[in-house]
Amino acid sequence: MEEKAAEVSSLFTRLDAEIAAFQGWSGLHCQWGCGKCCFKPDIEATILEFIPFALHLKKEKKAEDWLERLKKSDASVCLILNPTQGGAGMCSQYQHRGLICRLFGYSARTNKYGQKEIITCQIIKTEQETSFMEAQQSLNSGRTIPGMSDYYMQLRGIDFELTKEVYPINLAIRKAIETVLQYYAYRDEVL
Ligand code: SF4
């Protein structure tokens, strides 16, 4: 499980570097303290992308508490979100956020005409319109940014079973914690 989590974390590290490069040449950036995209009620994720978070909770001896919180909650908005948190954003576990959290805002998809489109929020599209349009044009003339489906393919390459389905984000987090707890329940590996 540690190895699997390490593979996911190194995929995240590669992606974060690509996103930083994209932000560097495009100038696109999140508004300080924003977090609006995290309030979307229909965010979906795979189990695997939250295995590093689940393992972190296990090491911190907080996995069972989080599992209880997730089981009791019927919230559709991510439970990791902390709306009262100050600072750059509202994610209370930013280091352990999922793949979808990293990709949204700074990745591309291919539309039905075969053209690359930047996947980002209305705030960036409207308040950074010039930079957004210039970045979109750069994409059409061959510049590359992270591809959403490409990164999910890479994630799938790490573990097919834990990526074959997407779940509402809180359920994906819950299943990741259950997967980690179950794994260690049958092993006397001490974390
Ligand atoms: S894990 Fe963090 S970044 Fe992802 S949706 Fe939840 S609060 Fe937002």
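Above this text sits the structure in question.
Parameters and conventions
- Residues numbered from 1 in each chain as written.
- Predicted model: local features only at pLDDT ≥ 70, side-chain atom pairs only at ≥ 80, totals over all residues.
- Heavy atoms only, no water.
- Salt bridge = Lys/Arg side-chain N within 4 Å of Asp/Glu carboxyl O.
- Helix = DSSP H or I, 4+ residues; strand = E, 2+ residues; numbered from the N terminus.
- Buried < 20%, exposed > 50% of the residue type's maximum accessible area, 1.4 Å probe, protein only.
- Near = heavy atom within 4 Å.
- 1 Å grid on protein atoms, 1.4 Å probe; cavity = no way out; pocket = protein on both sides within 12 Å on 5 of 7 lines; lining within 4 Å.
- Sits in = over half its atoms within 2 Å of the grid points.
- Contact = heavy atoms within 4.5 Å.
- Pairing = 2+ DSSP bridges.
- Arc of directions from axis to C-beta.
- Axes fitted to C-alpha atoms, helices over the stretch in contact; angles between N-to-C directions.
- Parallel < 35°, antiparallel > 145°, perpendicular 65-115°, else oblique.
- Left-handed = near helix turned anticlockwise from the far one by under 90°.
- Nonpolar A, V, L, I, M, F, W, Y, C, P; charged D, E, K, R; others polar.

**Description of the pattern of salt bridges**
By the definition in use, this model includes nine salt bridges. Notably, a salt bridge pairs Lys59 with Glu2, separated by 3.3 Å at the nearest N-O pair. Placement of the pair is Lys59 in helix 2 (residues 51-59) and Glu2 in helix 1 (residues 2-26), with a sequence separation of 57 residues. By relative accessible area, Lys59 is classed as partly exposed at 41%.

**As for the site of the ligand**
Taken together, Cys38, Ile43, Cys78, Ile80, Leu81, Cys91, Cys101 and Ile169 form the complete shell of residues around the ligand. At a threshold of 2 Å from the grid points, most atoms of the ligand map onto the largest pocket.

**A few points about the side chain of Gln136**
Note that Gln136 resides in helix 6 (residues 129-140). Looking at Gln136, the relative accessible area reads 16%, which means it is buried. Apart from the residues within four sequence positions on either side, Gln136 is in contact with Lys116, Glu117 and Ile118.

**What to know about the pairing of strand 2 (residues 107-110)**
If a strand is regular, its side chains alternate between the two faces of the sheet. Bridge count for strand 2 against strand 3 (residues 116-119) is four bridges, and the pairing is antiparallel. Each bridged residue has a counterpart across the sheet, and for Ser107 the counterpart in strand 3 is Ile119. Turn length for the strand 2-strand 3 hairpin, with the two strands adjacent in sequence and antiparallel, is five residues, and the turn residue Gly114 shows positive phi of about 80 degrees.

**Comments concerning helix 7 (residues 148-158)**
Turning to helix 7, its buried residues are Met148, Tyr151, Tyr152, Leu155 and Ile158. Looking down the long axis of helix 7, one finds its buried residues gathered within 100 degrees of arc, a one-sided arrangement. Exposed side of helix 7, more than 90 degrees from the buried face: Ser149, Met153 and Gly157 are the residues found there. Residues of helix 7 that are buried sit in contact with helix 1, helix 4 (99-103), strand 2 and strand 3.

**Concerning the packing of helix 1 against helix 7**
At their nearest, the axes of helix 1 and helix 7 sit 10 Å apart, and the two run at 165 degrees to each other. Of the possible angle classes, the one that applies to helix 1 and helix 7 is roughly antiparallel. Crossing handedness for the pair helix 1 and helix 7: right-handed. In contact with Lys4, Glu7, Val8, Leu11, Arg14, Leu15 and Glu18 of helix 1, helix 7 contributes Tyr151, Gln154, Leu155 and Ile158. In terms of residue class, the contact of helix 1 with helix 7 is built from six nonpolar, one polar and four charged.

**Details of helix 3 (residues 63-72)**
Among the residues of helix 3, those classed as buried are Ala63, Trp66, Leu67 and Leu70. Down the axis of helix 3, the buried side of the element spans an arc of 100 degrees, and every buried residue falls inside it. Opposite the packed face of helix 3, turned more than 90 degrees from it, sit the exposed residues Asp65 and Lys72. In this structure, the buried side of helix 3 is in contact with helix 2 and helix 8 (169-185).

**Structural notes on the environment of Met1**
Tracing the chain through its elements places Met1 in the segment before helix 1. With a relative accessible area of 12%, Met1 lands in the buried category. Separated by 51 residues in sequence, Met1 and Pro52 have C-alpha atoms that sit 9.1 Å apart. With residues near it in sequence (within four places) discarded, Met1 still touches Ile51, Leu55, Thr179, Val180, Tyr183 and Tyr184.

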